[in-house]
Amino acid sequence: MTTAADGTAGPAVRVRFLGDFELTVNGAPVQRWRAGKARGLFQYLVVHRGQMLTRDRLYASLWPGADATAGSSLKVAAHALRRVLDAHPDRPGDSGIRLVYRDFGYVLHITGLWSDLDRFQELVHTGLRAAAAGDAPLARTRLRAAIGLYGGEFLRGESADWVVEQREYLRALALRALGVLRADAEAREDFVELIEICKRTLEIDRHHEETYRALMAAHGRRGELACVRRWYELCARRMREELAVAPGHETQQLLGTLIPAAARAAAPVSAVTGAPPATVRALRPAARRVAGTPAWTPDARTTAPARPVRRARPDNRAAAALARAADQATA
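Please read all numbers here as calculations on a predicted model, not as lab measurements. (Residues numbered from 1 in each chain as written. Predicted model: local features only at pLDDT ≥ 70, side-chain atom pairs only at ≥ 80, totals over all residues. Heavy atoms only, no water.)

Colleague: With reference to specific residues and values, describe the overall build of the protein chain.
Modeller: Looking only at helices and strands, the protein chain has 13 helices and 7 strands in total. Long-range contacts, defined here as pairs at least 24 residues apart, represent 54% of the contacts in the protein chain between residues at least 6 apart. About 20,300 Å² of surface is accessible on the protein chain, with carbon and sulfur atoms providing 51% of the total. (Helix = DSSP H or I, 4+ residues; strand = E, 2+ residues; numbered from the N terminus. Contact = heavy atoms within 4.5 Å. Areas by Shrake-Rupley, 256 points an atom, 1.4 Å probe, with all protein chains shown as cover.)

Colleague: Break down the nonpolar core for me, citing the residues and quoting the values.
Modeller: Counting residues in hydrophobic clusters, the biggest one holds 77 residues, and the most contacted among them are Leu-23, Leu-41, Phe-42, Leu-58, Leu-85 and Phe-120. For this core, the element with the most residues is helix 6 (residues 161-188), which contributes 10 residues. Each residue touching Leu-23, except ones within four places of it in the same chain, is listed here: Val-13, Arg-14, Val-15, Ala-28, Pro-29, Val-30, Trp-33, Phe-42 and Leu-85. (Core = buried A, V, L, I, M, F, W, Y, C linked by side-chain atoms within 4.5 Å. Buried < 20%, exposed > 50% of the residue type's maximum accessible area, 1.4 Å probe, protein only.)

Colleague: Could you give an account of the environment of Arg-182, naming the residues involved and the relevant values?
Modeller: Its place among the elements puts Arg-182 in helix 6. A sequence separation of 32 residues divides Arg-182 from Ala-214, and the C-alpha atoms of the two residues are 8.4 Å apart. The contacts of Arg-182, once residues within four sequence positions are left out, are Leu-194, Ile-197, Cys-198, His-208, Glu-210, Thr-211 and Ala-214. A polar atom in the side chain of Arg-182 sits 3.0 Å from the side chain of Glu-210. (Polar contact = N/O pair within 3.5 Å; in protein donor to acceptor, adjacent residues only side chain to side chain.)

Colleague: Give a description of the environment of Ile-97 that names residues and reports values.
Modeller: When you line up the elements, Ile-97 lands in strand 5 (residues 97-102). A sequence separation of 12 residues divides Ile-97 from His-109, and the C-alpha atoms of the two residues are 5.8 Å apart.

Colleague: Pulling in residues and values, what's your account of the side chain of Asp-116?
Modeller: Relative to the helices and strands, Asp-116 resides in helix 4 (residues 116-132). A distance of 3.0 Å separates a polar atom in the side chain of Asp-116 from the backbone nitrogen of Leu-18. Residues contacting Asp-116, with those up to four places away along its chain left out, are Val-15, Arg-16, Phe-17, Leu-18 and Leu-149.

Colleague: Account for the pairing of strand 2 (residues 22-25), with residues named and values stated.
Modeller: Pairing between strand 1 (residues 13-16) and strand 2: 4 bridges, direction antiparallel. Note that in strand 2 the partner of Val-13 across the bridge is Val-25. Sheet topology places strand 2 next to strand 3 (residues 28-29); 2 bridges connect them, and they run antiparallel. Of the residues in strand 3, the one forming a bridge with Thr-24 is Pro-29. Between the end of strand 2 and the start of strand 3, which pair antiparallel, lie 2 residues, with Asn-26 showing a positive phi angle near 55 degrees. (Pairing = 2+ DSSP bridges.)

Colleague: Go over the sheet that holds strand 6 (residues 105-110), please, and point to the residues and values.
Modeller: On the basis of which strands lie adjacent, the open sheet formed by 3 strands has the order 4-6-5 and antiparallel pairing. Of all strands in the sheet, those with a lone pairing partner are strand 4 (53-54) and strand 5, marking the two edges. Running at roughly 70 degrees to strand 6, helix 1 (residues 38-47) makes contact with strand 4, strand 5 and strand 6 of the sheet. (Axes fitted to C-alpha atoms, helices over the stretch in contact; angles between N-to-C directions.)

Colleague: Quick one: what's the story with the packing of aromatic side chains, residue by residue and with numbers?
Modeller: Considering all chains together, one arrives at 9 aromatic pairs under this definition. With 6.0 Å between their ring centres and 75 degrees between their planes, Phe-154 and Trp-162 make a pair best called edge-to-face. Here the aromatic cluster, defined as three or more aromatic residues joined through ring pairs, consists of Phe-17, Phe-21, Tyr-44, Phe-154 and Trp-162. In this structure, Arg-14 packs its charged tip against the face of Trp-114, placed 4.3 Å from the ring centre. (Phe/Tyr/Trp six-rings, centres within 6.5 Å; stacked < 30°, edge-to-face > 60°. Lys NZ or Arg CZ within 6 Å of the ring centre and 35° of its normal.)

Colleague: Would you mind going over the packing of helix 8 (residues 209-221) against helix 9 (residues 225-243) in detail, with residue names and values included?
Modeller: In contact at an axis separation of 8 Å, helix 8 and helix 9 are set at 165 degrees when each is read in the N-to-C sense. On the basis of the axis angle, helix 8 is roughly antiparallel to helix 9. Crossing of helix 8 over helix 9 shows left-handed handedness. Across the interface between the two elements, Glu-209, Tyr-212, Leu-215, Met-216, His-219 and Gly-220 of helix 8 pack against Cys-227, Val-228, Trp-231, Tyr-232, Leu-234, Cys-235, Arg-238 and Met-239 of helix 9. A breakdown of the residues in the contact of helix 8 with helix 9 according to their chemical character gives 10 nonpolar, 2 polar and 2 charged. (Parallel < 35°, antiparallel > 145°, perpendicular 65-115°, else oblique. Left-handed = near helix turned anticlockwise from the far one by under 90°. Nonpolar A, V, L, I, M, F, W, Y, C, P; charged D, E, K, R; others polar.)

Colleague: Outline the environment of Asp-190, listing residues and values.
Modeller: Tracing the backbone through its elements, the reader meets Asp-190 in the loop between helix 6 and helix 7 (191-204). You can call Asp-190 partly exposed: its relative accessible area is 25%. When the C-alpha positions of Asp-190 and Ala-218 are compared, they lie 9.3 Å apart, and in sequence the two are 28 residues distant.

This is the structure:
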């Protein structure tokens, strides 16, 4: 089978899901869809191709809240899809695409399909298995290829529930692959690749705190303390402004290890008492307290604790001496 674009052997149907959706049939991109839901129906059917999908399931995914018993919307979309892709169930066109209605549902068959979604998952799973088996070179090759194929989030711009679910799964898979590549680069002390992997990770998840720590540590090993501080401050700002949380204790502790003065400046202060937060106070060595002295307060460093007042006991020795002298005089 040859493609019309370059005359070379290859799949007749090529689909890209990662990033902007793209469908090419026999080398020609498909850009015009006859019905609004025809494209969404095709996307859903390709992801679940070979499976019989009932009308109820298709309506729940593509027309949530609509009456599946009427079936008019699905019929219109399926008819438009067959015309656009020449996907007649009995007389498939050169693309080899067939949309078959069977048992109250539809099945999509495609001969000679290439999908970036399928290839990405295959590369990631192969790479993770190689990493688990200790084959670092094979894992590195497969996972690098997978990340190179990850051109963006699944069906960028689409918001259907099934799209979001698939998007989050693939996003987690990409982050897992990047985590293995990051650990491999750290083990080889390849800081150039490590920094690139970290930057790629933050493009997918800008709040991935472990990645900020890896960047801080990498720059710290290279003596680039200004970069350490900038990465920490970027992490802290994003966490504070977008998630309303502070960087975790491990991240703050790493900053203190690499730049002790910066850690003291970055330590948050309680708005109520002006004292450092409990997590900072807990790191201080516990001072010995003398029994009866008050507990530590924010002003303990400037104000000495008051000593308890001792009561004087009555002194009866003088009265006893006078009594003895009076007895001797009268004897």
